[in-house]
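Observations on chain architecture
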Amino acid sequence: MPKKVCVAMSGGVDSSVAAALLVSRGFSVEGVTMRLWGDADRDIADAARVADFLGFPHIVLDLRPAFRAQVVTPFVGAYLGGLTPNPCVVCNREIKFGALYTYARERGCDFLSTGHYARVTLFDGAYLIARGRYPRKDQSYVLYHLPPEVRARILLPLGTLSKPQVRRLAREWALPVAARPDSQDICFIPDGDYADFVEREAALSVRPGDLLDTAGAVVGRHQGFWRYTVGQRRGFSGGFPDGPRFVLSTDPARNTVTVGKNDEVFSERLTVRGLVWATDRHGSRLDTKIRYSARAAASAVTQTGPDSAEVVFDAPQRAVTPGQSAVFYDGDRVVGGGTIVRASV
RNA sequence: UGGGAUGUAGCCAAGUCGGUAAGGCACCAGACUUUGACUCUGGCAUUCCGCAGGUUCGAGUCCUGCCAUCCCAA
């Protein structure tokens, strides 16, 4: 009796290849496409074509209310609170490996599978998320918070493949979506203008405020604190004759943005909340990754409370940003992480 | 209306002995990217260098006048 696996299919190349891989490995596959936001008919149709092509059933799961409540609303709220959220992290936790996982289990699936470029490895009796084999595309960062029962029941077929390999497989197998371009940007903001999105959702308009230097002197104007994130260079009126300035911090209460030169945007330590550990088997010397596209950096991690920890880097990191996730790696294994609430020199 | 200085793209700014407008910031486009950023590449003064004349084959670069701004002296 083959194991039954539910595959999350976005209609894109990655999840389609993941599904094909599972079919080739003898699993009993069922495709599910989540309807999350906006017009998804094209994606749903593409996923259905792939399922049909590969010969397994496909269903659509409408999770729009949950997506709005658990991803979009918090996303807007975070920006208005002066933070820089990572909606993909939240979506993976609450939707893909939350609501969808629950649904898959209820349908009797043994596993849930996605097209993430990450692996699951058995370590000391526990299933842990590990980096994808090909670091360029590694997505383990966005899965750091999966609970143990979920980690034990997910399959990530793309974890040992590179993007070019996946595309090649899609072409070899003549999948109907082989030529689709990669998705990018925030899925619920197709035009990529997140600031405009936040303003529409929150019924705000541009709210100019003072641009400050580290001494507190007004050095320019900005268009509303939510349009800026730590390390950002663009968006200040006029510019500075002696070189660019980068955001050091924002203050939602006063609607101010503090800027400085590039060498001022490095931090040696940070504090996380919402701390989770994937295993107790880890030391304090861990590599910490402070954003999706950052390289994990050597650090010392110390738990300071039930859900908080302090991270001290061997070398200062650029643009440590409150709201982003800090993920702890022991080699290739994801051992924990949390949300950055503060950075300090 | 005594003296001195300056006036080059939105901003800062280089422009030698006159030879056919560096660079930086900002901005725009593209690349990168399942978050926001960063980064990278390209574009960005085709009768134009405060204005008006003049000299010259040719002037931002020399000459004359004017205008504007700043500083000192008042």
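Going by the structure above, here's the rest.
Residues numbered from 1 in each chain as written. Chains lettered and ligands numbered in written order. Predicted model: local features only at pLDDT ≥ 70, side-chain atom pairs only at ≥ 80, totals over all residues. Heavy atoms only, no water.

1. Description of the protein's contact with RNA strand B
Neighbouring residues of RNA strand B: 36 residues in total, closest Q139, Q184, F240, R291 and Q324. When atoms of RNA strand B within 4 Å of the protein are split into backbone and base, the sugar-phosphate part holds 66%. One of the backbone nitrogen or oxygen atoms of R234 is found 3.3 Å away from a phosphate oxygen of RNA strand B. Between RNA strand B and T321 there is a distance of 3.0 Å, counted from a base nitrogen to a side-chain nitrogen or oxygen. Looking at the surface near RNA strand B residue by residue, the classes come out as 13 nonpolar, 16 polar and seven charged. (Near = heavy atom within 4 Å. Polar contact = N/O pair within 3.5 Å; in protein donor to acceptor, adjacent residues only side chain to side chain. Nonpolar A, V, L, I, M, F, W, Y, C, P; charged D, E, K, R; others polar.)

2. Quick notes on unusual backbone geometry
Most peptide bonds take the trans configuration, and most residues that are not glycine carry a negative phi. Unusually for a residue other than glycine, D124 sits at a positive phi of about 55 degrees. For D124, the position within the fold is in the loop between β5 (118-123) and β6 (126-131). (Helix = DSSP H or I, 4+ residues; strand = E, 2+ residues; numbered from the N terminus.)

3. Some points on the pattern of salt bridges
Throughout the structure, instances matching the rule amount to 25 salt bridges. Among the salt bridges present, the one from D332 reaches R119, with a minimum N-O distance of 3.5 Å. Here R119 lies in strand β5 and D332 lies in the loop between β16 (325-330) and β17 (333-344), a separation of 213 residues in the sequence. Members of the salt-bridge network, linked through shared partners, are R42, D43, D46, R49 and R180. (Salt bridge = Lys/Arg side-chain N within 4 Å of Asp/Glu carboxyl O.)

4. Re helix α3 (residues 64-80)
Counted at 1.5 Å a residue, the expected span for α3 with its 17 residues is 24 Å, and the 22 Å between its end C-alpha atoms agrees. Among the residues of α3, those classed as buried are F67, V71, V72, F75, V76, A78 and Y79. Here the buried face of α3 lies against α4 (87-106) and α7 (194-201). Phi turns positive one or two residues past the end of α3, at G82, with a value near 85 degrees. (Expected span 1.5 Å × (residues − 1). Buried < 20%, exposed > 50% of the residue type's maximum accessible area, 1.4 Å probe, protein only. Contact = heavy atoms within 4.5 Å.)

5. Concerning the pairing of strand β13 (residues 285-289)
Pairing between β13 and strand β14 (residues 297-305): four bridges, direction antiparallel. Following the sheet pairing, L286 is matched in β14 by S299. Two strands pair when backbone bridges link them, and β13 and β16 are joined in this way by three bridges, in the antiparallel orientation. Pairing of D287 across the sheet is with Y329, part of β16. (Pairing = 2+ DSSP bridges.)

6. A look at the environment of Y228
Looking at the element boundaries, Y228 is found in the loop between β9 (218-222) and β10 (246-251). On the basis of relative accessibility, which here comes to 4%, the residue Y228 falls in the buried class. In this structure the C-alpha to C-alpha distance between Y228 and G55, which are 173 residues apart in sequence, comes to 47 Å.

7. Remarks on the layout of surface pockets
If you add up the space inside the second largest pocket, you get close to 330 Å³. Lining the second largest pocket are 20 residues, and of these V230, L248, S249, V320 and A343 sit closest to its centre. Taken together, the elements giving at least two residues each to the lining of the second largest pocket come down to β10, β12 (266-277) and β17. Partitioning the lining of the second largest pocket into residue classes produces ten nonpolar, eight polar and two charged. (1 Å grid on protein atoms, 1.4 Å probe; cavity = no way out; pocket = protein on both sides within 12 Å on 5 of 7 lines; lining within 4 Å. Points joined across faces, edges and corners; volume = space filled by probe spheres on them.)

8. A closer look at the packing of α3 against α7
It is at 10 Å that the axes of α3 and α7 come closest, and there the two elements cross at 100 degrees. For the element pair α3 / α7, the angle class is roughly perpendicular. Contact residues: R68, V72, F75, V76, Y79 and L80 in α3; Y194, F197, V198 and E201 in α7. Of the residues that constitute the contact of α3 with α7, the class distribution is eight nonpolar, no polar and two charged. (Axes fitted to C-alpha atoms, helices over the stretch in contact; angles between N-to-C directions. Parallel < 35°, antiparallel > 145°, perpendicular 65-115°, else oblique.)

9. Some words on the side chain of H116
Mapped onto the fold, H116 is located in the loop between β4 (111-113) and β5. A polar contact of 2.7 Å, which involves the side chain of H116, links it to the side chain of T114. Residues contacting H116, with those up to four places away along its chain left out, are N92, K96, F97, Q139, V142, L143, L156, L158 and G159.

10. Examining the sheet that holds strand β8 (residues 209-212)
Pairing is mixed across the open sheet formed by four strands, whose spatial order is β9-β8-β11-β10. A single partner strand is all that each edge strand has here, and the edge strands are β9 and β10. In this sheet, adjacent strand axes meet at a mean angle of 30 degrees when their direction is disregarded. The pairing of β10 with strand β11 (residues 256-260) spans five bridges and is antiparallel. The partner of T250 across the bridge, within β11, is V257.

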